[in-house]
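In case you want the letters, here they are:
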Amino acid sequence: MKKKVLSILLAMIMVFSLLPVTALASDSNPTFEPCNGEHTDWKAWDKADSLPSEDGKYYLTKDVTLTGKWTIEGKDITLCLNDCVLNLGERQLNVKGGKLTLDDCGKTERYFTVGGDGKWKLTDKKTESTKTLKGGVITGGFGGEGGAVSIINGATFTMNGGNIVGNTATTWGGGVSIYKSTFTMNGGTIAGNILKYSSIPNGGGVYVNTGATFTMNGGEIIGNTAKNGGGVHITNGATFKMNGATAKITGNTAENGGGVGGQGTFTMNGGEITGNTATEAGGGVYLYTAILNNTWAFTMTGGKITGNTAKNGGGVYLGKGGASAFGGTAVIQDNVDNAGKKSDLYVGEGAARVGSGTEAPKAGMSVGLISGTVTNAKASDVQYFFASDTSKYVKFASKALTLDDIPANNYLITVSCGENGTVTAPPYASNGATVTLTVTPDQGYQLESLTVSDADGAITVSQDNEFTMRSKPVTVTATFEAAPTAPIFDACGGTGAEWNEETGIVSTPTFGSYVFDGWYTAPIGGDKVESNFVIGTTYYAHWQLSATNANLVLTESINLTADGVTIGSSKTAAAKEELALYGLAFT
């Protein structure tokens with residue numbers, strides 16, 4: 001299909017499935033001013049075992065290893081790591097009702113090894129390292145809620161730079177935990193954090209708890225590990241917003257929700273969620289909540305979810321009661337299951353609705369339907385949906401998609417269609433049945449290829465786009481290409497044939513001393529065509545001898561061989577030119 005706006009609304013109960021789709025507006029990526037290294041009007045922090053606790057803007061002058069707790073309440077502190085290492089000494093940064101801004105102007109390359117538990121460990125040996133980052137580092141943290149940073153009681157944490165790496169939480173939030181507070185990430189990296197000894201090991205990178213909001217405008221969340229929400233975990237109706245092209249969640253690992261997981265409100269207006277892995281569900285995103293406060297659990301208006309892997313829902317998995325809205329420039333593609341099969345979006349139990357005034361799911365996207373109903377659909381939408389239960393098929397009736405059982409002795413027909421056109425087929429057929437495929441290219445496109453295959457190999461497709469069903473499920477694959485916009489003129493050795501679209505006239509070509517005889521429907525013979533040329537049809541130039549070469553005589557024998565044409569031992573230019581008129585050539 002053409003690039004189309006993707007909008008799917010999922011609801012827990014049918015009354016919510018009737019809610020209209022409203023315009024989805026992307027938040028702009030707000031500007032911020034990271035530390036430039038000049039530190040004008042900043043205060044130098046020279047201590048090696050503590051951090052400032054009073055209002056102000058500070059920069060580290062040396063590496064710090066904490067020897068005591070660090071807690072601020074009602075204070076406003078900005079801290080630039082200044083390319084230094086802040087070792088928390090198995091403690092955490094506690095912000096209670098205050099404001100902490102983290103900056104860094106460093107560019108030193110840092111090296112890390114990765115342990116068997118996924119935790120990154122800082123090392124000064126480049127040859128031993130498998131991961132690298134640049135700039136200042138906060139590491140060595142150990143805490144209950146938030147291995148490195150705990151934000152609670154209406155506090156605000158802003159991260160403009162720096163790296164929060166290799167920290168451990170015993171409850172949740174291996175890197176950062178937020179409760180009834182706000183976290184804004186404009187830059188920097190949260191990487192290689194883990195959970196340990198926890199009965200609720202969720203949120204390897206960031207844990208967003210009750211009443212909290214996490215806004216990610218930039219930066220990266222990389223290589224964190226948890227049971228649920230390897231990169232980010234949302235819970236108890238909390239909010240996560242992802243904006244801007246530079247925000248990335250990648251390489252994280254979990255049982256559910258390799259990149260993002262949980263129950264709450266997730267709005268993705270930009271950024272990328274890529275290369276994450278879930279051993280069970282939702283390699284990129286896993287959400288399992290019904291509508292909360294009349295808002296969708298997952299709203300995606302932009303950004304990309306690509307290259308993620310999971311047992312089910314390599315890209316996105318919406319569990320029981322999952323509710324979601326897709327639109328704008330959202331892309332969910334090229335995600336796979338553990339077997340390498342395409343698996344972009346799994347729709348969980350409940351009702352789904354394709355939004356009013358919008359088109360089908362984005363071309364190339366694969367949507368698994370577990371149960372429930374997709375309303376306001378079109379017959380052509382079937383090609384984007386598949387039943388997770390192979391004994392069922394996706395049925396279209398009364399503008400809705402539902403799951404139904406495949407009758408006995410019938411076999412599933414799956415259509416896999418690229419962009420710029422559609423192919424429709426019956427959902428199943430019996431052995432020996434003739435199946436007719438309806439091919440509909442988009443305007444300006446034509447069918448490039450159409451194949452049918454089952455486990456035994458390819459099945460012949462007739463010129464009428466029909467095939468005979470065998471006793472196995474089959475897959476129909478189609479691709480489309482741009483259709484010609486003009487007739488095709490083959491000058492047969494000549495040059496200068498130019499088509500004028502407005503007048504419908506083609507210029508007269510030239511070919512040495514030969515005389516142009518007109519356009520024909522075949523290289524040799526065929527019918528002469530002087531006007532009303534048909535777009536996409538090939539026409540061939542015919543040539544006649546002129547007075548200057550009419551007396552050409554071939555005095556030597558002409559030998560036709562498998563390798564070409566030989567005229568005795570002579571290969572004169574004139575003879576070669578003449579033979580070219582008839583599609584012949586010298587060896």
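Everything below is about the structure shown above.
Below, the structure is looked at part by part. (Residues numbered from 1 in each chain as written. Predicted model: local features only at pLDDT ≥ 70, side-chain atom pairs only at ≥ 80, totals over all residues. Heavy atoms only, no water.)

Considerations on unusual backbone geometry
Negative phi is the rule for most residues except glycine; trans is the rule for most peptide bonds.
Line of reasoning, step 1. Positive phi, normally seen in glycine, also occurs at D41, with a value near 65 degrees.
Line of reasoning, step 2. Considering the arrangement of structural elements, one finds D41 in the loop between α1 (14-17) and β2 (43-45).
Line of reasoning, step 3. The phi angle at N82 is positive, at roughly 55 degrees, despite the residue not being glycine.
Line of reasoning, step 4. Along the chain, N82 turns up in the loop between β6 (76-80) and β7 (85-87).
Line of reasoning, step 5. Classification of N82 by relative accessible area gives partly exposed; the value is 22%. (Helix = DSSP H or I, 4+ residues; strand = E, 2+ residues; numbered from the N terminus. Buried < 20%, exposed > 50% of the residue type's maximum accessible area, 1.4 Å probe, protein only.)

A closer look at the packing of aromatic side chains
Line of reasoning, step 1. Summed over all chains, the structure comprises 18 aromatic pairs.
Line of reasoning, step 2. Ring geometry for W172 against Y207: centres 4.7 Å apart, planes inclined by 15 degrees, an arrangement best described as stacked. Pair noted here: W172 is in strand β18 (residues 168-172) and Y207 is in strand β23 (residues 206-208), with a separation of 35 residues, a long-range link.
Line of reasoning, step 3. Its relative accessible area of 4% is what places Y207 among the buried residues.
Line of reasoning, step 4. The interplanar angle of 5 degrees and the centroid separation of 4.8 Å between the aromatic rings of F240 and F266 together place this pair among those described as stacked. Of this pair, F240 sits in strand β26 (residues 232-242) while F266 is found in strand β29 (residues 260-268), placing the two residues 26 residues apart along the sequence. This pair shows no difference in class: F240 is buried, exactly as F266 is. (Phe/Tyr/Trp six-rings, centres within 6.5 Å; stacked < 30°, edge-to-face > 60°.)

Focus on the sheet that holds strand β55 (residues 474-482)
Line of reasoning, step 1. Judged by pairing direction, the sheet is mixed, and its five strands sit side by side in the order β49-β47-β55-β52-β53 without closing on themselves. What marks the edges here is a single partner per strand, and that holds for β49 (428-430) and β53 (457-459). Neighbour-to-neighbour, the strand axes of this sheet turn through a mean angle of 35 degrees, independent of strand direction.
Line of reasoning, step 2. In this sheet, β53 lies alongside strand β52 (residues 445-454) in antiparallel orientation, the contact comprising three bridges. Across the sheet, residue D454 finds its bridge partner in β53, namely G457. (Pairing = 2+ DSSP bridges. Axes fitted to C-alpha atoms, helices over the stretch in contact; angles between N-to-C directions.)

Examining the sheet that holds β18
Line of reasoning, step 1. Taken together, the three strands give an open sheet; going across it, the order is β14-β18-β22, and neighbouring strands pair in parallel fashion. The outermost strands of the open sheet, each flanked by one partner alone, are β14 (142-145) and β22 (194-195).

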